[in-house]
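Single-letter residue listing:
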Amino acid sequence: MKIVETISKIFHNLRSISYLGWDLGTYSLKVAEVTSYENKILLKGFAQAKTFENTIINQIITDEQHLKANLKNLLLNFHPETTNAHLSIPYEITIYGKFSIPHLTSNEMIEKQINDEIPYKLEDVYYSYFIIPEQAMYKVYYLVSKKENIEKIKNVFLDLNIKLLSIDADFVTLHNFLEFLYGPEDRVIIDWGNEKVKLYFSNKETPIYIRELFNLGFKDFKKNLQRDLKLTSDTIDKYIHSPPEDQTRNKIKDAYKEYIKKITEEIKYGIEIVRSKYDLNPKVFYLIGGGAKIPNIHKIFSELLKSEVNEIRIENKLKISEHIDKNYLRDINSQGVLAIATAVKEFI
């Protein structure tokens, strides 16, 4: 079930045939375009581009002009047929929490409780909440983001004539999309990115817990590997996915083993946390992000975690445009999931 529709309906949510879904990351920018086609969702196109350096730092936009230029270049190459868009923002710039109430009460009382729980005044944030009945009480889940961060995003999209219809949190968007693809599950999404690894824990109804693994993103791994092997950054980027057939291959393989072992230990620790704190024992895992492109990585993680680690396959539920290279679909399935999940929210 969808627990949070949007942080804020910044513009009127006009129905349209096609929608764009945006994922603005510190390392890369991604956009997907979807439409409804013969009672199916059609992925019309997907594109990504590297984010200009220091444009987004710690998930906060620090240079609006650079970001506008970045997105403008991406759009010029992408040629979308619509300007209606949705955006998912990272967990790092949101506050997600919950509290219990004995009975349904007024909006004012709930808003007062949210205001008491967050470190900002309610007038300084965009917020949304959702109420779920649970046994003899009600759980109120709330989502908050500072207005100053949202306003930067609004300004950028407005200047590019993109109609930003809504803003959601990434972990909520992913939760809803995975439920659409595979049904309700106790699951973990392993988002293995350049800056860090993020673990999203969900039960069958709601996102439960997010754990960030700092210093375990590809950026630090590549930096350490470059130092140890005394190779250039470009060479390391090439060897990461296609190691040479010499002694360097074994060194890279050993480095990967140690790296993946550290990530696995942190995942297991996260599972212990949600098991003891939330009575959740997830058995299904999904791997997304740049790390999902590593050969045999799903099998490796499955063996280490002694649980099923799955590839996401959007083609099982979405129709894929004939203009999308089938060889590119694997990259879309690993790195484009959030953008696609954001774009399809109108249809699921």
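Refer to the structure printed above.
Residues numbered from 1 in each chain as written. Predicted model: local features only at pLDDT ≥ 70, side-chain atom pairs only at ≥ 80, totals over all residues. Heavy atoms only, no water.

A.B. asks: Quick rundown of the overall build of the protein chain? Include the residues and the values.
C.D. replies: Of regular secondary structure, the protein chain possesses 10 helices and 16 strands. For 348 residues, the compact-globule estimate of 2.2 N^0.38 gives 20 Å, and the C-alpha radius of gyration of the protein chain, at 21 Å, lies within 12% of that figure. Across its three principal axes, the protein chain shows a C-alpha extent of roughly 70 × 50 × 40 Å. Residue burial in the protein chain is summarised as follows: out of 348 residues, 53% are buried. Roughly 17,100 Å² of accessible area belongs to the protein chain as shown, and the carbon and sulfur atoms make up 48% of that amount. Computed over 48 positive and 48 negative side-chain charges, the inter-centroid distance for the protein chain is 3 Å. (Helix = DSSP H or I, 4+ residues; strand = E, 2+ residues; numbered from the N terminus. Rg over C-alpha atoms; globule rule 2.2 N^0.38 Å. Buried < 20%, exposed > 50% of the residue type's maximum accessible area, 1.4 Å probe, protein only. Areas by Shrake-Rupley, 256 points an atom, 1.4 Å probe, with all protein chains shown as cover. Lys, Arg positive; Asp, Glu negative; His and termini not counted. Charge placed at Lys NZ, Arg CZ, Asp CG, Glu CD.)

A.B. asks: How would you sum up unusual backbone geometry? Please name residues and give values.
C.D. replies: Unusually for a residue other than glycine, Gln-59 sits at a positive phi of about 70°. Note that Gln-59 resides in the loop between strand 4 (56-57) and strand 5 (60-61). The phi torsion at Asp-279 lies on the positive side, around 55°, for a residue other than glycine. For Asp-279, the location among the structural elements is in the loop between helix 7 (247-278) and strand 14 (284-288). Looking at Asp-279, the relative accessible area reads 71%, which means it is exposed.

A.B. asks: Tell me about the sheet that holds strand 16 (residues 318-320), and please be specific about residues and values.
C.D. replies: Across the sheet, which stays open at both edges, the six strands sit in the order 10-6-1-2-3-16 with mixed pairing between neighbours. Both outer strands of the open sheet, strand 10 (163-169) and strand 16, are each paired with one neighbouring strand and no more. Across the sheet, the mean angle from the axis of one strand to that of its neighbour is 30°, orientation sign disregarded. Running over the sheet, helix 1 (residues 64-78) touches strand 1 (18-24), strand 2 (28-37) and strand 3 (40-50) and is turned about 45° from strand 2. (Pairing = 2+ DSSP bridges. Axes fitted to C-alpha atoms, helices over the stretch in contact; angles between N-to-C directions. Contact = heavy atoms within 4.5 Å.)

A.B. asks: Help me get a handle on the pattern of salt bridges, residues and values and all.
C.D. replies: One pass over the full model with this rule turns up 23 salt bridges. When the shortest N-O distance is used, the salt bridge between Lys-222 and Asp-237 registers 3.1 Å. Taken together, the positions of Lys-222 in helix 5 (residues 218-229) and Asp-237 in helix 6 (residues 233-241) put the pair 15 residues apart, joining distant regions of the chain. With a shortest N-O distance of 2.4 Å, Glu-272 and Arg-275 are connected by a salt bridge. Residue Glu-272 and its partner Arg-275 are located together in helix 7, separated by three residues, close to a single helical turn. We classify Arg-275 as partly exposed; its relative accessible area is 34%. Put simply, Glu-92, Asp-170, Lys-196, Lys-198 and Glu-212 are held in one network by salt bridges that share partners. (Salt bridge = Lys/Arg side-chain N within 4 Å of Asp/Glu carboxyl O.)

A.B. asks: Go over the environment of Tyr-142, please, and point to the residues and values.
C.D. replies: Tracing the sequence through the fold places Tyr-142 in strand 9 (residues 137-146). With 50 residues separating them in the primary sequence, Tyr-142 and Trp-192 have C-alpha atoms 26 Å apart. Polar side-chain contacts of Tyr-142 include one of 2.9 Å to the side chain of Glu-117. (Polar contact = N/O pair within 3.5 Å; in protein donor to acceptor, adjacent residues only side chain to side chain.)

Spatial relationships are all this shows, so hold off on functional conclusions.
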